Amino acid sequence: MNEPLLRVKDLKKYFGLKGGILAREVERVHAVDGVSFDIAPGETLGLVGESGCGKSTTGRCVLRLIEPTSGEVAFEGKDVIAMQGEDLRNLRRDMQIVFQDPFASLNPRMTVGAIIGEALIIHKLANNKSEIEDRVAALLQKVGLKSEQMRRYPHEFSGGQRQRIVIARALAVEPKLIVCDEPVSALDVSIQAQVINLLEDLQQELNLTFLFIAHDLSVVEHISDRVAVMYLGRIVEIAPSRDLYVNPLHPYTEALLSAVPIPDPTVKRKRIMLQGDVPNPINPPSGCHFHTRCPIKQDVCMREVPKLKPTKDGHFVACHLRG
Amino acid sequence: MAGSTPASPTVDAGAASAARYSPGLEAWRRFRKHKLAVVSAGILLVMILAILLGPFFWRVPINEIDFSARLAGPSWKHPFGTDDLGQDILARMLYGGRISLAVGLAAMLVAIVVGTIIGAIAGMSRGWLGMALMWLTDLFLSLPQLPLLLLVIYLFRDSLKAVFGPEGGVFILIVLVIGGLRWMPVARLVRAQFLSLREKEFVEAARALGASRRRQVVRHILPNALGPVIIAGTIDVAAAILAESTLSFLGLGFPPDIPTWGRLLFDSKDYLDIAAHWALFPGMAIFLAVVTINFIGDGLRDALDARRVL
């Protein structure tokens, strides 16, 4: 494999909960608890897991929208965590984010043109007003909207159109990496397909790299080259997407895959029902985080944290018993 | 934000594709659709013109004492009647209105500017600074206002008078004192708005684009926080006009011979049963000023909120 575009190593983010009269940190939420992965240029890495497992926090830490507690993030070999001031601003040109909720991620008081044009102004990518307008018009056309629509306000658009605006804003700075934080979960199924196809087309055309965060496995399977499965702040399995879907190794991945709905009522299959709820990330279980719900757990799972170890071509799993 | 109705998503008005377009023009177009606000703006304009130009047309002196016409009701000679010294109330109101309105508007501006700045800093700061500013706000809220007013005015009146002249000095002092004691609710309002807005995804998106903190505040947070502030500001105008009259009553405001609206109201209170007109006209003037400014504030808030279809 050639040099990765993004390398994340042992990333941790703990949120302190303050309490007591002195506002001391009394508890910590282990949102991201030692996550490592690489993304190659032009690749799409899917990041899946249920709500609250730390997917979005991971994405935001990569972009430094949240300051990680510890760990390394390297973009094109440069240390992202240590960046300050001008360096960080320049980094913002290379990495962008598309948010989950297109209704919350557009400023309701700015026109679409102003929203997209702002990126150009911040990074001085255009010299004057008409140049900004031309660029905004081109971006709108690129994401399938009309250039006249730049005078409109976000509330005049539907959810899918708004998500296109969000994508246009992210593209304005010509980034290399886009973190897509559940970009389609707020949309209708029919619109989901359109937006996914748009993202794929743009990836081809502009040679983009995606970190694609989602909880919908079928969406991720469609768009990703590789998929990483997260559970309670840790990656439990990471594999090329075909391989993962055909041959899941981790018991959690198996359970997740068995829950994907199949739009065919005649198909019968074994549904793996997990017992109990996701444990509280304030007090995650010892050893393997999944041991409280694992159907195949042994004593070793409660004592030792399983390492993410390779099995065969690019398939990694963090389980004492499998792989 | 609160209470505003998100508009339906389909507006295919031709206005959006007009060749010439500016946010200011658009806001004005939207403001004009708010009937009550436009009427209010008209009334306020008439009042302002009256107090600015009125004294040139209604040439009755404000301090001409005529005991033969004491407490007379409205007549052709004295359209608003006379007070206990037979002075013409219309002339006095035209003169005093300048001061009352100027004090009201200036004090509101002071309160809003100070409150917004302090609230914004407190809302953006995650550390001790925000907490310290909120303590300061609470401190000001808990101070007994009247003794403080007395103290400040006694301390600074003479030096300000020396610099800006008797009327100018008192004006500046009163505006600062009234504005300086009314910024706290605005600061709390702005801070609360900032606390919720700064976590919104569109602000995060601006951060992801590399927007400076200043840009985040000025372009993204502040415009979305201003709706309630405008309303609070218009209410402050009324409070400031009344506060000025309280000060005058205590002998701390303008000299007693300057007939501000609040002053006229206070002077009239002992004669309410025999000369109601004396209280009625200044009271109406204050009421009209307050109500119209309030409606204008309403109209402004809606005109600046693009989500409302107007």
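Residues numbered from 1 in each chain as written. Chains lettered and ligands numbered in written order. Predicted model: local features only at pLDDT ≥ 70, side-chain atom pairs only at ≥ 80, totals over all residues. Heavy atoms only, no water.

Here the focus is the overall build of chain A. A tally of regular secondary structure across chain A gives ten helices and twelve strands. Relative to the compact-globule value of 20 Å for 323 residues, chain A shows a C-alpha radius of gyration of 21 Å, a close match. A principal-axis box enclosing the C-alpha atoms of chain A has dimensions of 70 × 60 × 45 Å. Counting all 323 residues of chain A, 55% fall into the buried class. Considering only residue pairs separated by 6 or more positions, chain A has 63% of its internal contacts joining residues 24 or more positions apart. As displayed, chain A offers around 14600 Å² of accessible surface, 49% of which is attributable to carbon and sulfur atoms. Side-chain charges in chain A split into 40 positive and 40 negative, and the spacing between the mean points of these groups amounts to 4 Å. (Helix = DSSP H or I, 4+ residues; strand = E, 2+ residues; numbered from the N terminus. Rg over C-alpha atoms; globule rule 2.2 N^0.38 Å. Buried < 20%, exposed > 50% of the residue type's maximum accessible area, 1.4 Å probe, protein only. Contact = heavy atoms within 4.5 Å. Areas by Shrake-Rupley, 256 points an atom, 1.4 Å probe, with all protein chains shown as cover. Lys, Arg positive; Asp, Glu negative; His and termini not counted. Charge placed at Lys NZ, Arg CZ, Asp CG, Glu CD.)

Our focus in this paragraph is the packing of helix α3 (residues 112-122) of chain A against helix α4 (residues 129-142) of chain A. All names here are of chain A. Where α3 contacts α4, the two axes come as close as 9 Å, and the packing angle between them is 115°. Put simply, α3 runs roughly perpendicular to α4. Considering how the two elements wind past one another, α3 and α4 form a crossing that is right-handed. Residues Val112, Gly113, Ile116, Gly117, Leu120 and Ile121 of α3 form the contact with α4, whose participating residues are Ile132, Arg135, Val136, Leu139 and Leu140. (Axes fitted to C-alpha atoms, helices over the stretch in contact; angles between N-to-C directions. Parallel < 35°, antiparallel > 145°, perpendicular 65-115°, else oblique. Left-handed = near helix turned anticlockwise from the far one by under 90°.)

This part covers the pairing of strand β10 (residues 234-240) of chain A. Residues and elements named next belong to chain A. Counting buried positions along β10 gives six out of seven residues, so the element sits mostly inside the fold. Sheet topology places strand β9 (residues 226-231) next to β10; six bridges connect them, and they run antiparallel. The residue bridging Val227 from the neighbouring strand is Ala239, located in β10. Two successive antiparallel strands, β9 and β10, enclose a turn made up of two residues, where Leu232 displays a positive phi of approximately 50°. Note: β10 against strand β12 (residues 316-317), two bridges, orientation antiparallel. Residue pairing across strands places Ile238 opposite Phe316, the latter belonging to β12. (Pairing = 2+ DSSP bridges.)

What follows covers the sheet that holds strand β1 (residues 6-19) of chain A. All names here are of chain A. As summarised here, the arrangement of the four strands in space is β2-β1-β4-β5, forming an open sheet in which the pairing is antiparallel. Both edges of this open sheet fall to β2 (24-39) and β5 (78-79), since each of them pairs with a single strand only. Inspection of the sheet shows strand β4 (residues 70-75) paired to β5 by two bridges, in the antiparallel sense. By the bridge assignment, Phe75 is partnered in β5 with Lys78. Sitting on the sheet, helix α1 (residues 55-62) is in contact with β1, β2 and β4, with an inclination near 110° to β1.

So, on to the packing of aromatic side chains. Residues and elements named next belong to chain A. For the structure on display, the rule yields seven aromatic pairs over all chains. Between Tyr231 and Phe290, the ring centres sit 5.0 Å apart and the planes meet at 85°, which makes this aromatic pair edge-to-face. Within this pair, whereas Tyr231 is found in strand β9, its partner Phe290 is found in the loop between α9 (251-258) and α10 (299-303), the two being separated by 59 residues in sequence. Every member of this aromatic cluster is reached through a ring pair, and the members are Tyr231, Tyr252 and Phe290. (Phe/Tyr/Trp six-rings, centres within 6.5 Å; stacked < 30°, edge-to-face > 60°.)

For the rest of this paragraph, the subject is the layout of surface pockets. Of the volumes computed, that of the second largest pocket is approximately 720 Å³. Contributing to the lining of the second largest pocket are 22 residues, with Arg64 and Leu65 of chain A together with Arg126, Arg207 and Gln216 of chain B lying nearest its centre. Elements with a contribution of two residues or more to the lining of the second largest pocket: α2 (85-94) of chain A together with α8 (201-208) and α9 (213-249) of chain B. Looking at the lining of the second largest pocket, the element that brings in the most residues is α2 of chain A, giving four residues. Here the lining of the second largest pocket is composed, by residue class, of six nonpolar, four polar and twelve charged. (1 Å grid on protein atoms, 1.4 Å probe; cavity = no way out; pocket = protein on both sides within 12 Å on 5 of 7 lines; lining within 4 Å. Points joined across faces, edges and corners; volume = space filled by probe spheres on them. Nonpolar A, V, L, I, M, F, W, Y, C, P; charged D, E, K, R; others polar.)

From the geometry alone we can't say anything about function, so treat these as descriptive.
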